Amino acid sequence: MAEGTALLHDSSTSPRADALLLLAHALHREREWIVAHGDATPSGEEAQAFERLSAARSRGVPVAYLLGSAGFYGREFLVDENVLVPRPETEHLVAEAIAFIGNRPLRVFDVGTGSGAIACTIASETHATVHGTDISSSAVAIANENARRLGVADRCRFYVGDLTEPVRAQRFDLIVANLPYVPTAEIPSKPDPITYEPREALDGGPDGLSLYRRLLTELPAFLAANAMVLLEAAPPIIERLCDLTRNSLPHFTIAVCNDYAGLPRYIKAKGPDGLLGSQSPSIGLGPGRVE
Ligand code: GLN
């Protein structure tokens, strides 16, 4: 532990926690066991495995890729370098989704599902049916495996394709998205752990909003009556995403919501009761006039 912590001192913001996770993984033990057995001696093979993992971590490889799994909303998700590591800042959006669904067997759409962390958590916590899309077939394979492991494969459907393209002519009660939103010029360089994540899961174009701009033009046709839309983005661009959402969904009630760190992180847009989302822009009602 001491050697690992020292090795990771310069490359990690949490060297001791990382060393503990990697040591537990190398020894095939729970973290609690490691803490309680500070005097145990690892085998040569275990020590080598730990050294390999620590060296990779010191080069910047995210802990989640080294462990092959990431915790999200109280569950473990299979992850590899084909998917973004699920982030705690996304958990508040998921809590909002679960609260909206309640006991209802709603239809949910997760655009750009990645590992399926959002989709599978919603399916696990509710009776909803969740559809997810991703441009990456490797990501869809991981999302399917996560749904299977969590026992929600019967209520999760994942499709390979661009944004809404695979789910044409369907309507949803809740649409959630954590699309790539990092402005191209702000994508960090090595050894930042983010550089090990798929660029196509992070790069949101010049202002970070290229994919959301496209999604928001398509979105109205996919919304059922009384639908909700939840969209995650970075704090500095959230107001612009809010404006784009307002333009696309003029009759929706729209708010910017904070994540658990208190940072403005996602847009919540709630449709007007009894009005199909697609009618709002196409029947030409002026803003504020709901008939
Ligand atoms: N929250 C991630 C980050 O800042 C970005 C995730 C995304 O682009 N959707 O690294």
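Nothing here was measured: the structure is a model prediction, and the numbers come from that model.

1. Thoughts on the pattern of salt bridges
Here is step 1 of the chain: Applying the stated rule across the entire model yields 12 salt bridges.
Here is step 2 of the chain: Put simply, E125 and R75 hold a salt bridge, and the shortest N to O gap is 2.9 Å. Here the residue E125 occupies a position in helix α7 (residues 117–125), and R75 occupies one in strand β2 (residues 75–78), the gap between them amounting to 50 residues.
Here is step 3 of the chain: Judged by relative accessible area, which is 35%, E125 ranks as partly exposed.
Here is step 4 of the chain: Residue D259 is joined to R265 by a salt bridge in which the shortest nitrogen-to-oxygen separation is 3.1 Å.
Here is step 5 of the chain: Judged by relative accessible area, D259 falls into the buried class, the value being 6%.
Here is step 6 of the chain: Because the salt bridges share partners, they merge into one network encompassing E145, R148 and R149.

2. Some details on the side chain of D18
Here is step 1 of the chain: With respect to the element layout, D18 can be found in helix α2 (residues 15–26).
Here is step 2 of the chain: We classify D18 as buried; its relative accessible area is 5%.

3. Side note on the sheet that holds strand β5 (residues 156–160)
Here is step 1 of the chain: Here seven strands make up an open sheet; going across it, the order is β5-β4-β3-β6-β7-β9-β8 and the pairing mixed. Both outer strands of the open sheet, β5 and β8 (253–258), are each paired with one neighbouring strand and no more. Strand-to-strand twist of the sheet, defined as the mean angle between neighbouring strand axes without regard to direction, takes the value 15°.
Here is step 2 of the chain: Note that strand β4 (residues 129–134) and β5 share five bridges and pair parallel. Paired with V130 across the two strands is C156, which belongs to β5.
Here is step 3 of the chain: Packed on one face of the sheet, helix α6 (residues 91–101) meets β3 (107–111), β6 (172–177), β7 (223–232), β8 and β9 (264–270) and runs near 165° to β7.

4. Re helix α9 (residues 210–218)
Here is step 1 of the chain: The complete set of buried residues in α9 reads L211, Y212, L215 and L216. The buried residues of α9 all sit within an arc of 130° when viewed along its axis, so they share a single face.
Here is step 2 of the chain: At its buried positions, α9 is contacted by β3, β6, β7 and α10 (238–248).

The rules behind each value
- Throughout, a residue's number is its position along its own chain's written sequence, starting from 1.
- Whole-chain, interface and lining totals are the exception, using all residues; otherwise, since this is a predicted model, local features are given only for residues with pLDDT of at least 70 and side-chain atom pairs are given and counted only at 80 or more.
- No hydrogens and no water enter the side-chain calculation; it runs on all heavy atoms of the structure.
- Salt bridges are counted wherever a side-chain nitrogen of Lys or Arg sits within 4 Å of a carboxyl oxygen of Asp or Glu.
- Numbering of helices and strands runs from the N terminus, with a helix taken as a DSSP run of H or I at least four residues long and a strand as a DSSP run of E at least two residues long.
- Partly exposed describes any residue whose relative accessible area lies between the buried limit of under 20% and the exposed limit of over 50%, with all areas from a 1.4 Å probe on protein chains only and scaled to the type maximum.
- Each pair of strands is called paired provided DSSP finds at least two bridges between the two strands.
- In this analysis an axis means a line fitted to C-alpha atoms, helices contributing only their contacting stretch, and an angle means the value between N-to-C directions, from 0 to 180 degrees.
- Contacts between residues were defined by any pair of non-hydrogen atoms, one from each residue, lying within 4.5 Å.
- This arc is taken over the directions from the axis of the helix to the C-beta atoms.

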